[in-house]
Amino acid sequence: MAGSTVTRVRRQLPTSPWLFAAPGLVIAGAFVLYPFVSTVVNAFTDRRTLVPGDFVGLANFRELLHDDMFWIGLRNSTLYVLGVVPALVILPLLLALLVQKNIPGVTFFRSAFYTPVVASIVVVGLIWVWLLDERGLVNSLLETVGAGRVGFLSDQWLLLLSAMTVTVWKGLGYYMIIYLAALANVPRELHEAAAVDGAGPVRRFLSVTVPAVRSTMVLVAALSSVAAFKVFSEVYLLAGPSGGPAGEDTTLVMLVQRTGTGLSGRVGYASAISVVVFVVTVALMLLVLRADRREDS
Amino acid sequence: MRISRRVLAAAAAAVVVLPLSACGSGDGGGGSTDASGRIQGDITFQTWNLRANFKGYFEDLIAEFEKKHPGTDVKWIDQPAEGYADKISADAAGGTLPDVVNVSPDLVAPLAEAGLALDLDKAAGQYEKEYLPGAWAGHRIPGMSGTYAFPWYLNTGPLFYNKSLFEEAGLDAGRPPRTYDDLFDAALRMAESSDGKVATLANVPTVEDFGRYGVPLMNKEGTAFTFNDAKGVELLAEYKELYDAKALDPQALTATPESSGKKFLTEAVAMNPGSALDLGNFKKQAPNLYKNIGITDQITSTGHVNMYVMGVMVNSRSRQKPAAVAFAHFVTDAEHQMSFAKKVAIFPSTAGSLDDPYFTEEDGTDETRVRVAAAQSLKTAVNYTPVLFSEQMKTELRNAVARALQGKESPQEALDNAVKACDRLLQQQG
C-alpha cells in the first residue's frame, strides 16, 4: 500500500509543477512569447496593418541602414541612456542618504520625493509642458530676472534635455526607495570604524557606502539604461507627435509607433526597428552585468 | 497525465508557428456587394467622438430606425477623437470592424484597398442622386473604381483673429487678410510692431495650405505627388521669412491644433482656424478675447476654401448588409442631416439642403453670420487633402517644412525630399 502511494506520488510529481505553472505559462505565452515571436517574424515581411505581406528577407534591415530617421532615433535613444543613467544612479543615492536618518518630518520628504513616481506620466508631461512653454512659468521667471526667453520646447537639443530632466525627476523617488533598502543593510559598525580612523563624511561615503551598495548601483544602472533606451512618453509629450522640430527628437520607440500604427502602418518595418531595440537593450544589460563581474574579480 | 517531452515540444512549436500562420491570413477580398434583401438583424454603428454632446440625438435616431424596421437592433459605439484611426486599424486587422463606421476620406482609402469598405456604387447606387455630386465623389479612391462611403456632414471652419492685437499693430481690424499675400504682409507688420512678441500664426503650413495657395498636390492619375513645384517652393519661402521674423510662433514646428488653439486663447498669436463651436469656448474660457474676436473666411489664394468631409462607411464583411446599408443611408439622408445640422455647426451634404433659409438668412448674431458665410463658401469649397495622403505622409511633409524653416534645407530641397518620401510611401501602400 505504502509502495503504491509512493509510486503514485512519483508518477504525479512531474505533472503537478506544470499544472501549477500552467496559468502563468499560458499568460506569458499569449502576451509575451507570442507577440515577441510575431514581431521577429514580421520583421522579415513587408506586412502592413491591413495587408498580410510577404517574406522579404533582410530588406527591412537593409532599408534601416539608409533611413535617416532611424539613425536620428538611434542617436537620441543612445544620448538618452548616456544622459539619464548616470543621473539616476547617483542622484537617488544622495537623496536616499538625505532621507535615511530618522529625524522629525523625514517621512514627509520621503513621500514628497516618491510622489512623481506614482503620478501619471501624462499629467507629469502636461505639467512640464506648462512649466517650459515659451510663455510658461520658467520663462516668465527668466524674463523677470532679465534673461531672455529660452526655447525649451522649440530647440532640438534643449527639448531632449528637458525630456531627460522629466525622466530623472520622475525616476528619482523609485530608485531612492531601492537605495534606502540597500542602505539599511550597510553595517553601522563599518561607518563607526571609519569614523574612529578619522574618515570624514565624504571619505566614509566613498569608502564605505559606495562599495556596500555597489551591486544595487549596478541594478539601478541596468534597469534605468533599458528604460532610457526605450523612452517614449516623456519625449512624445514634450516634443509632440512629430518628434520635435523636423522629427529631430524622435526616439526609436517613437519611430516604431509612428511607422507601425494607423491604417497604412508598415508593421514589417516597425517590427524590424523593434528587433533592433530588443538587441540593443539585451546588449546594454549584458554590458552592465559584465562590467559588474569584472569589478568583482 | 505525465507530459512527455514530445507534447511539450509540439506545444512550443505551435507557439512559434502560430504567428507565422498569421502572415498569410486575410484574403483581402471584399465580400459580396449585394445589399438587397430584408432589413433585419443586429448591427453596430461607430461614431467619432460624438456621444459627449449628441447622445440624445443619436439615441432618438437609432430608436426611429428600429421602429421603422422591426427586427433590427443597432448597437451604438462612440470612440474618442484621439487615436481614432488606430482604433479602426486595430478593429480592421482583428476582424471586429463595426458594420457601419463614421470615417473621413483618408481613412476610407486604406480600408477600401483592403477590401473592407463596401462599394456603394454597386450596393446602393440608387441613393447617389440624393447627395451633392462633389460630396458623393469625395469617397472615391484614385486607382480604384467605386464609392466607398455615404457622404455625411461637411464643414469649413472660419478663421478667428484678435482685433485688439491687429489694432495694436496698426492694422485695420475691419479688413482682415483674405489671401496669402495679405496674410504675409499683415504677419510681418505685426511681428515688427510687437518686436517679435506677438506671432500671427501658430502652425506651419499643411497640405491644405499648399492646396489653398494654388499648389498642385498630385498628378491627375493619383500616382505621384507634385507639391514641390515652383508655387509650393514659393509658399515655403514665404513661411521661412515669417519664421525668421517671428511672425510664426517659435513653437510652431512642434505645434498641434490643440496647442495652437491654446496660444490663440492666451492671446500669444493673432489668428487661428476654428469652427463655430469655438465661440462658446472663447466666451467661457477667455472673455477678454471674446470681446475682441474677429471672424473671417479661411485664407485662400485660389478663391476656394478647404472643405472637411465626413462619411459613413459600410463594412463589406457585415453579416447584415441590407440593414447596415439602410442604416448608413438613414443617418445621412436629407432629413436627418438637416436635423443634425440644427444641433451643431455642420453642413449637410445632401442636394438642395444648403438652400434652406437656415443657411441663407442672418439674424444679426455672430453664430448665424459664421453659418451663412460658411454655407455660402461651401458651394465652391474643395477638399484639398488627397485621399491617399496618409498620416506617415503628413509627418514627412511636416518634417520637410520644419527643416526648411530652420534653414537646414532650402525650400526646394525640402519639398523635393518630402515628395520623394511620400511617393515611396504611396508605392508601398500599393
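None of these values were measured; they are calculated from a predicted model.

Basis of the calculations
Residues numbered from 1 in each chain as written. Chains lettered and ligands numbered in written order. Predicted model: local features only at pLDDT ≥ 70, side-chain atom pairs only at ≥ 80, totals over all residues. Heavy atoms only, no water. Pairing = 2+ DSSP bridges. Helix = DSSP H or I, 4+ residues; strand = E, 2+ residues; numbered from the N terminus. Axes fitted to C-alpha atoms, helices over the stretch in contact; angles between N-to-C directions. Patch = residues over 30% accessible without salt bridge, like charges linked within 9 Å, V, L, I, M, F, W, Y side chains within 5 Å. Areas by Shrake-Rupley, 256 points an atom, 1.4 Å probe, with all protein chains shown as cover. Salt bridge = Lys/Arg side-chain N within 4 Å of Asp/Glu carboxyl O. Lys, Arg positive; Asp, Glu negative; His and termini not counted. Charge placed at Lys NZ, Arg CZ, Asp CG, Glu CD. Domains from an automatic or database assignment. Contact = heavy atoms within 4.5 Å. Buried area = accessible area lost by both parts, 1.4 Å probe. Polar contact = N/O pair within 3.5 Å; in protein donor to acceptor, adjacent residues only side chain to side chain. Nonpolar A, V, L, I, M, F, W, Y, C, P; charged D, E, K, R; others polar. Phe/Tyr/Trp six-rings, centres within 6.5 Å; stacked < 30°, edge-to-face > 60°. Buried < 20%, exposed > 50% of the residue type's maximum accessible area, 1.4 Å probe, protein only. Lys NZ or Arg CZ within 6 Å of the ring centre and 35° of its normal.

Colleague: Would you mind going over the sheet that holds strand β5 (residues 159–162) of chain B with me for this structure?
Modeller: Backbone-to-backbone hydrogen bonds join strands into a sheet, with any given pair of strands oriented parallel or antiparallel. All names here are of chain B. Reading across from one edge, β6-β5-β7 is the order of the three strands in this open sheet, with antiparallel pairing throughout. At either end of the open sheet lies a strand with only one pairing partner, and these are β6 (271–273) and β7 (293–296). Averaged over all neighbouring strand pairs, the angle between strand axes comes to 25°, with direction disregarded. Summarising the sheet, β5 and β7 pair through four bridges and their orientation is antiparallel. Within the sheet, the bridge partner assigned to F160 lies in β7 and is I295.

Colleague: Could you clarify how one ought to interpret a negative patch on the surface in this entry?
Modeller: Residues and elements named next belong to chain B. A contiguous patch of negative charge, built from D181, D182, D185 and E234, is present on the exposed surface. Of all the elements, helix α8 (residues 180–193) adds the most residues to the negative patch, at three residues. When you line up the elements, D181 lands in helix α8.

Colleague: Mind showing me how you'd approach the domain arrangement of chain B here?
Modeller: In many analyses, interface size is given as the accessible surface area lost on bringing the parts together. All names here are of chain B. The domain boundaries assigned to chain B delineate domain 1 (5–156 + 307–378) and domain 2 (159–304 + 387–429). A separation of 30 Å is found between the C-alpha centroids of domain 1 and domain 2. Every contact between the two is made by 17 residues of domain 1 and, on the other side, 14 residues of domain 2. Roughly 1300 Å² of surface becomes buried between domain 1 and domain 2 when both sides are summed, with 60% attributable to carbon and sulfur atoms. Area buried by domain 1 at its contact with domain 2 is led by D106, P142 and V370, which between them contribute 31% of it. The interface formed by domain 1 and domain 2 contains one salt bridge.

Colleague: I would appreciate a short explanation of the interface of chain A and chain B in the present structure.
Modeller: Opposite the 41 residues of chain A that make contact, chain B presents 49 residues. Interface area, chain A with chain B, both sides summed: about 3600 Å², of which 60% is carbon and sulfur. Across the pair K408(B) and E248(A) runs a salt bridge whose closest N-O atoms are separated by 3.9 Å. In this assembly, chain A and chain B are joined by ten residue pairs in polar contact (both at pLDDT 80 or more). Put simply, the parts of the chain that give the side of chain A that touches chain B at least two residues each are α2 (15–42), α8 (156–184) and α13 (252–260) of chain A. Of all the elements, α2(A) adds the most residues to the side of chain A that touches chain B, at eight residues. Among the residues forming the side of chain A that touches chain B, the class breakdown is 16 nonpolar, 16 polar and nine charged.

Colleague: Looking at this model, I keep getting lost on the packing of aromatic side chains. Mind explaining?
Modeller: Aromatic ring pairs are reported here in terms of the distance separating the ring centres and the angle at which the planes meet. Residue and element names in this part refer to chain B. Taken as a whole and judged by the stated rule, the model has 38 aromatic pairs over all chains. Here Y131 and F150 contribute two aromatic rings whose centre-to-centre distance is 6.1 Å and whose plane-to-plane angle is 45°, an arrangement assigned as tilted. Note that Y131 is positioned in the loop between α5 (120–123) and α6 (133–137) and F150 in strand β4 (residues 150–155), a separation of 19 residues in sequence. F150 carries the same exposure label as Y131, and that label is buried. Both rings, one in F210 and one in F227, keep their centres 6.1 Å apart while their planes meet at 55°; by these two values the pair is tilted. With F210 in helix α9 (residues 207–213) and F227 in the loop between α9 and α10 (230–244), this pair connects stretches of sequence that are 17 residues apart. Using a relative accessible area of 0% as the deciding quantity, one classes F227 as buried. Through pairs of rings, three or more aromatic residues link up here, namely F45, F54, Y57, F58, F65, W76, W152, Y153, F327, F330 and F340. Note that K231 overlies the ring of Y213, its terminal NZ or CZ placed 4.9 Å from the centroid. Over the ring of Y358 we find R371; its NZ or CZ atom is 3.7 Å from the centre of that ring.

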